[in-house]
Amino acid sequence: MKQVEDSEILEKFSNEKTRNEAFNLLLTKYQQKIYWHIRRLVIDHDDADDLVQDVFIKVWKNLEKFRSDSQLYTWIYRIASNESITFLNKKKQRNNTPLDEVSSELSETLVESSYFNGDTIQLKLQQAILTLPDKQRLVFNMKYYDDLKYEEISEITGTSVGALKASFHIAVKKIEAFMLNDDITF
Amino acid sequence: MGKNLENEEWREEAPTLSGIPRRDVFSVPHNYFENLSANIEAKVAVDRLKALSPEQTFTVPSGYFDRMKEEVLFKAKSPSKVLKLWHSNVLKYASAACFVLVAGLGVYFNQEQPQPSVNYAEIANEQILFDIDEDVIIDHIQGTDQVTRSLSADQSDLENYILTNFSFRELTAEY
């Protein structure tokens, strides 16, 4: 099935008569990508479900103001990333969780989740990713799972390409070390 | 091409991570993505409605809540009133007299119209008769009738005997 171009979505959205159709096309094109992006960050399905809906409400409200100097999908990714990081920060504050316990809390959610279907190695990989700080995790996920270019990630996060390369390099090293550590078994 | 090379660089640095198949290990509830668009569109519609209508559709007079606060505070601080049932002695005694009168009339009329007493023995007998088989009762009545008849026969014989053996004078004489 041919994917509709972002330019077509934006054109239709600018017309009051075809606005709903344009939004429906946008949802069809991006809802799954955005859901998985959020889900990998917040782990819990219900949290991801709430966030993905909030993200698209924001998209609906602000799409008219969207400037075509950036790409539509990087703009939506930016909203989703900011919403997820804000959610995680609020969660930490609400639960008064120290930084070093955040990853273990998310790991517990991962283990207890009924919507996880990976094997032991996959579980260990997820635990390794969860040891990373939130922003490093965000960069790692976008590179490892979404195959985005550094320029694209830079547009989403507002971080320089050099800083992103360094961040991803450190993240990979940490994960490799975690995976090689035989003391951590499940 | 550049994207592929860029995304493969790390593989040399992390062979263990590189050996793990890249796949999504999370799952979603059944039909989740089928309904997601509709759920989001419904939320957007609600959001648009909220934007169209003001938060408060009802209004109150200006300064209402300030006055309400003052009134509540005033009522809360003022001592509670004791309501007197009778404001004068005349009313008090008149009420007492009325009460006695009504009570007296009640007693009087209850005496005039005694409640019919219930005869429990009769009720018990009726119940016994109701419980006995009808044939048994018929047999019993027929048996009693024969005895009465035989008694009647004896009585007529006696009358005949008296009339035959005693004179009218003897029978009417006073003793």
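The structure this text deals with has already been given above.
Rules used in this analysis
- Residues numbered from 1 in each chain as written.
- Chains lettered and ligands numbered in written order.
- Predicted model: local features only at pLDDT ≥ 70, side-chain atom pairs only at ≥ 80, totals over all residues.
- Heavy atoms only, no water.
- Helix = DSSP H or I, 4+ residues; strand = E, 2+ residues; numbered from the N terminus.
- Contact = heavy atoms within 4.5 Å.
- Salt bridge = Lys/Arg side-chain N within 4 Å of Asp/Glu carboxyl O.
- Polar contact = N/O pair within 3.5 Å; in protein donor to acceptor, adjacent residues only side chain to side chain.
- Nonpolar A, V, L, I, M, F, W, Y, C, P; charged D, E, K, R; others polar.
- Phe/Tyr/Trp six-rings, centres within 6.5 Å; stacked < 30°, edge-to-face > 60°.
- Buried < 20%, exposed > 50% of the residue type's maximum accessible area, 1.4 Å probe, protein only.
- Expected span 1.5 Å × (residues − 1).
- Arc of directions from axis to C-beta.
- Patch = residues over 30% accessible without salt bridge, like charges linked within 9 Å, V, L, I, M, F, W, Y side chains within 5 Å.
- Areas by Shrake-Rupley, 256 points an atom, 1.4 Å probe, with all protein chains shown as cover.
- Lys, Arg positive; Asp, Glu negative; His and termini not counted.
- Charge placed at Lys NZ, Arg CZ, Asp CG, Glu CD.
- Axes fitted to C-alpha atoms, helices over the stretch in contact; angles between N-to-C directions.
- Parallel < 35°, antiparallel > 145°, perpendicular 65-115°, else oblique.
- Left-handed = near helix turned anticlockwise from the far one by under 90°.

**Describing the overall build of chain A**
Line of reasoning, step 1. Scanning chain A from terminus to terminus reveals nine helices and zero strands.
Line of reasoning, step 2. N-terminal to C-terminal, the α/β element order of chain A is α-α-α-α-α-α-α-α-α.
Line of reasoning, step 3. Across chain A, every contact between residues at least 6 apart in sequence was considered, and the portion connecting residues at least 24 apart equals 60%.

**A short note on the overall build of chain B**
Line of reasoning, step 1. When you go through chain B residue by residue, the secondary structure sums to nine helices and zero strands.
Line of reasoning, step 2. Each helix (α) and strand (β) of chain B, taken in turn from the N terminus, gives the series α-α-α-α-α-α-α-α-α.

**What about the interface of chain A and chain B?**
Line of reasoning, step 1. In this assembly, 48 residues from chain A lie in contact with 30 residues from chain B.
Line of reasoning, step 2. At the surface where chain A touches chain B, the tally comes to two salt bridges.
Line of reasoning, step 3. The interface formed by chain A and chain B includes 13 residue pairs in polar contact (both at pLDDT 80 or more).
Line of reasoning, step 4. At the level of secondary structure, the elements contributing two or more residues to the side of chain A that touches chain B comprise α2 (19–42), α3 (45–62), α6 (120–130), α7 (134–144), α8 (150–157) and α9 (161–180) of chain A.
Line of reasoning, step 5. Residue contributions to the side of chain A that touches chain B peak at 10 residues, all from α2 of chain A.
Line of reasoning, step 6. Looking at the side of chain A that touches chain B residue by residue, the classes come out as 24 nonpolar, 11 polar and 13 charged.

**A short note on the packing of aromatic side chains**
Line of reasoning, step 1. Inspection of the entire model under this criterion finds 16 aromatic pairs over all chains.
Line of reasoning, step 2. Considering the side-chain rings of Phe23 of chain A and Trp60 of chain A, the 5.0 Å spacing of their centres and the 75° angle between planes classify their relative orientation as edge-to-face. Of the two residues, Phe23 of chain A sits in helix α2 while Trp60 of chain A sits in helix α3, which places them 37 residues apart along the sequence. When sorted by exposure, Phe23 of chain A lands in the same class as Trp60 of chain A, which is buried.
Line of reasoning, step 3. Both rings, one in Tyr35 of chain A and one in Phe33 of chain B, keep their centres 5.2 Å apart while their planes meet at 85°; by these two values the pair is edge-to-face. Remark: Phe33 of chain B occurs in helix α4 (residues 32–52) and Tyr35 of chain A occurs in helix α2; the pair is interchain, linking two chains.
Line of reasoning, step 4. The exposure class assigned to Phe33 of chain B is buried, which follows from its relative accessible area of 12%.
Line of reasoning, step 5. Chaining the aromatic ring pairs together yields one cluster made of Phe140, Tyr144, Tyr145, Tyr150 and Phe168 of chain A together with Trp10 of chain B.

**Comments concerning α4 of chain B**
Line of reasoning, step 1. Taking 1.5 Å per residue as the helical rise, α4 of chain B with its 21 residues ought to reach 30 Å, and the 30 Å between its terminal C-alpha atoms agrees with that figure.
Line of reasoning, step 2. Taken residue by residue, α4 of chain B has Tyr32, Phe33, Leu36, Ser37, Ile40 and Val44 of chain B as its buried positions. One side of α4 of chain B holds all its buried residues, which, seen down the axis, span an arc of 140°. Exposed positions of α4 of chain B whose direction lies more than 90 degrees from the buried face are Glu34, Leu49 and Leu52 of chain B.
Line of reasoning, step 3. Buried residues along α4 of chain B sit against α2 and α3 of chain A.

**A short note on the side chain of Asp47 of chain A**
Residues and elements named next belong to chain A.
Line of reasoning, step 1. Tracing the chain through its elements places Asp47 in helix α3.
Line of reasoning, step 2. The exposure class of Asp47 is buried, given its relative accessible area of 17%.
Line of reasoning, step 3. Other than its neighbours up to four places away in sequence, Asp47 contacts Val42, Phe87 and Lys91.

**Thoughts on a negative patch on the surface**
Line of reasoning, step 1. Residues Asp133, Glu134, Asp135 and Asp139 of chain B make up a contiguous surface patch of negative charge.
Line of reasoning, step 2. Mapping Asp133 of chain B onto the fold places it in the loop between α7 (120–131) and α8 (134–165).

**Observations regarding the pattern of salt bridges**
All names here are of chain A.
Line of reasoning, step 1. Taken as a whole and assessed by the stated rule, the structure comprises 12 salt bridges over all chains.
Line of reasoning, step 2. Linking Asp146 and Arg40 is a salt bridge whose minimum nitrogen-to-oxygen distance equals 3.3 Å. Here Arg40 lies in helix α2 and Asp146 lies in the loop between α7 and α8, a separation of 106 residues in the sequence.
Line of reasoning, step 3. Salt bridges sharing common partners tie together Glu8, Lys12 and Glu21.

**A short note on the side chain of Lys29 of chain A**
Line of reasoning, step 1. Among the secondary structure elements, Lys29 of chain A is positioned in helix α2.
Line of reasoning, step 2. By relative accessible area, Lys29 of chain A is classed as buried at 15%.

**A look at the packing of helix α1 (residues 6–14) of chain A against α2 of chain A**
Two measures define how a pair of helices packs: the angle their axes make with one another and the distance between the axes.
All names here are of chain A.
Line of reasoning, step 1. The geometry of α1 relative to α2 is characterised by a closest axis approach of 7 Å and an angle of 150° between their N-to-C directions. Between α1 and α2, the angle is such that the two are roughly antiparallel. Pair α1 / α2 crosses with left-handed handedness. Here α1 contributes Asp6, Ile9, Lys12, Phe13 and Ser14 to the contact with α2, which in turn contributes Arg19, Glu21, Ala22, Phe23, Leu25, Leu26, Lys29 and Tyr30.
Line of reasoning, step 2. Among the residues making up the contact of α1 with α2, the classes are represented as seven nonpolar, one polar and five charged.

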